[in-house]
Amino acid sequence: MYEGAHAEKKHGIGRSILSFIVTIAVVVLIAMGLRTFVFQAYEIPSGSMEDTIMTGDMVFSEKLTYRASDPQPGDIVTFADPQIPSRTLIKRVIATEGQTVQLIDGKVVVDGEVLDEPYTDGKESWPLNSSFGTPIVYPYTVPKGELWVMGDNRTNSQDSRYFGSIPVSSVTGKAIFTYWPLDNFGVLE
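The shown structure was predicted, so the numbers you read here are calculated from the model rather than taken from an experiment. Here the residue index of a chain counts from 1 through its sequence in written order. In keeping with the model being predicted, local features are shown solely for residues with a pLDDT of at least 70 and side-chain atom pairs are shown and tallied solely at 80 or more, while totals for entire chains, interfaces and linings include all residues. Side-chain numbers come from the whole structure's heavy atoms, not from hydrogens or water.

A. Representation of the pattern of salt bridges within the structure. The working definition used for a salt bridge is a side-chain nitrogen of Lys or Arg within 4 Å of a carboxyl oxygen of Asp or Glu. This structure, assessed with the given rule, holds six salt bridges. The salt bridge involving Arg87 is made with Asp81; its shortest N-O contact spans 2.4 Å. Partly exposed residues are those whose accessible area sits between 20% and 50% of the maximum for their type, while under 20% is buried and over 50% is exposed, using a 1.4 Å probe and protein chains only. Given the relative accessible area of 2%, Asp81 is considered buried. With a shortest N-O distance of 2.8 Å, Asp152 and Arg92 are connected by a salt bridge. Of this pair, Asp152 sits in the loop between β9 (146-150) and α3 (160-163) while Arg92 sits in strand β4 (residues 88-96), placing them 60 residues apart in sequence. Each of the two residues, Asp152 as well as Arg92, counts as buried. We count a stretch as a helix when DSSP gives it H or I for four or more residues in a row; a strand needs E for two or more, and each element gets its number in order from the N terminus.

B. Examining the environment of Thr134 more closely. Secondary-structure assignment places Thr134 in the loop between β7 (113-114) and β8 (140-141). Sequence separation between Thr134 and Phe163 is 29 residues, and the spatial gap between their C-alpha atoms is 9.5 Å.

C. Seen up close, the sheet that holds β7. If you trace the four strands from one edge of the open sheet to the other, you get β7-β6-β5-β8, paired in antiparallel fashion. Each of the sheet's edge strands pairs with one partner strand only, and the pair in question is β7 and β8. When strand β6 (residues 107-110) meets β7, the two strands line up antiparallel, connected through two bridges. Each residue of the ladder has a partner; that of Val109, found in β7, is Val114. Paired strands, as defined in this entry, are two strands with at least two bridges between them according to DSSP.

D. Quick look at the pairing of β9. The buried count for β9 comes to four of five residues, which makes it a mostly enclosed element. Strand direction decides the pairing type here: β9 and strand β10 (residues 166-167), joined by two bridges, are antiparallel. Its bridge partner being in β10, Glu146 is matched across the sheet by Pro167.

E. Local environment of the packing of aromatic side chains. When the centres of two rings from Phe, Tyr and Trp lie within 6.5 Å, Trp using its six-membered ring, the rings pair. Their planes under 30 degrees apart give stacked, over 60 give edge-to-face, and anything left gives tilted. Applying the stated rule across the entire model yields four aromatic pairs. Taken together, a centroid distance of 4.8 Å and an interplanar angle of 50° make the contact between Tyr140 and Trp148 tilted. In terms of burial, Tyr140 and Trp148 fall into one category: buried. The structure contains a cluster of three or more aromatic residues connected by ring pairs, namely Tyr138, Tyr140 and Trp148.

F. Main features of a nonpolar patch on the surface. Patch definition: residues above 30% relative accessible area lacking any salt bridge, with like charges linked at up to 9 Å and the nonpolar side chains Val, Leu, Ile, Met, Phe, Trp and Tyr linked at up to 5 Å. Accessible surface is estimated by sampling points in the Shrake-Rupley manner with a 1.4 Å probe; for residues, cover comes only from the protein chains shown. On the surface, a nonpolar cluster with roughly 580 Å² of combined accessible area is contributed by Ile13, Ile17, Phe20, Ile21, Ile24 and Val28. By the element assignment, Ile21 lies in helix α1 (residues 2-37).

G. Spatial organisation of the pairing of strand β3 (residues 76-80). For β3, the buried fraction is high: four of the five residues fall into the buried class. For β3 and β4, the ladder comprises five bridges, and the chain directions are antiparallel. Among the inter-strand pairings, Thr78 is bridged to a residue of β4, identified as Ile90. Bridge count between β3 and strand β11 (residues 171-180): three bridges; the pairing is antiparallel. Paired with Thr78 across the bridge in β11 is Gly173.

H. Main features of the nonpolar core. In these notes, a set of buried Ala, Val, Leu, Ile, Met, Phe, Trp, Tyr and Cys residues joined through side-chain atoms within 4.5 Å is what counts as a nonpolar core. Judged by nonpolar contacts, Ile94, Ala95, Val101, Leu103, Val108, Val110, Tyr119, Ile136, Tyr140, Val142, Trp148 and Met150 together constitute the single largest core of twelve residues. Put simply, the parts of the chain that give this core at least two residues each are β4, β5 (100-104), β6 and β9. Those residues in contact with Val142 that lie beyond four places of it in its chain are Ala95, Thr96, Glu97, Gly98, Gln99, Val101, Leu147, Trp148 and Ser165. Formed by eleven residues, the second largest nonpolar core is a distinct cluster that contains Tyr66, Leu89, Ile166 and Val171. Note on contacts: a residue pair is in contact if any heavy atoms of the two residues lie within 4.5 Å.

Without other data, these values stay purely geometric and don't point to any function.
Rendered as structure tokens:
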């Protein structure tokens, strides 16, 4: 009787350990699936989107919206850096395929209309020297399947003025809200 109780206790402990390991594995698989297919958290390393998103803020980017539709002007998107594809950047969509972008007197003009951009805090938008050695010529018509993106902090952002338009296919998600620090918590607009 004593040996049977001892064997049953050992079997119960083994079952508990196995149950714990299976539970941890399921949680890890669910977390990986959510990260791969639903959302991604990012820490913002630079001031290119200030004051909308501050350096050090933690942001969630969701991956479902752009499976059913394309990014639209005003969306804040995450995308693969055109120069270092393993690095993710975050910028605001300014223009989509077929639209024409001009920078006139520090203002962004899309299809002949000066954009109302309260998120820039009045910072002017000027051309930048291109990263690829070929100057970006304005007016610039965004090619098919591409986007023109710019940081909200126009005086401190390497964006489409620097690397040109980006392929829609390089977009990894739509930034939806800042979750850390708590005093910056909120929906991104």
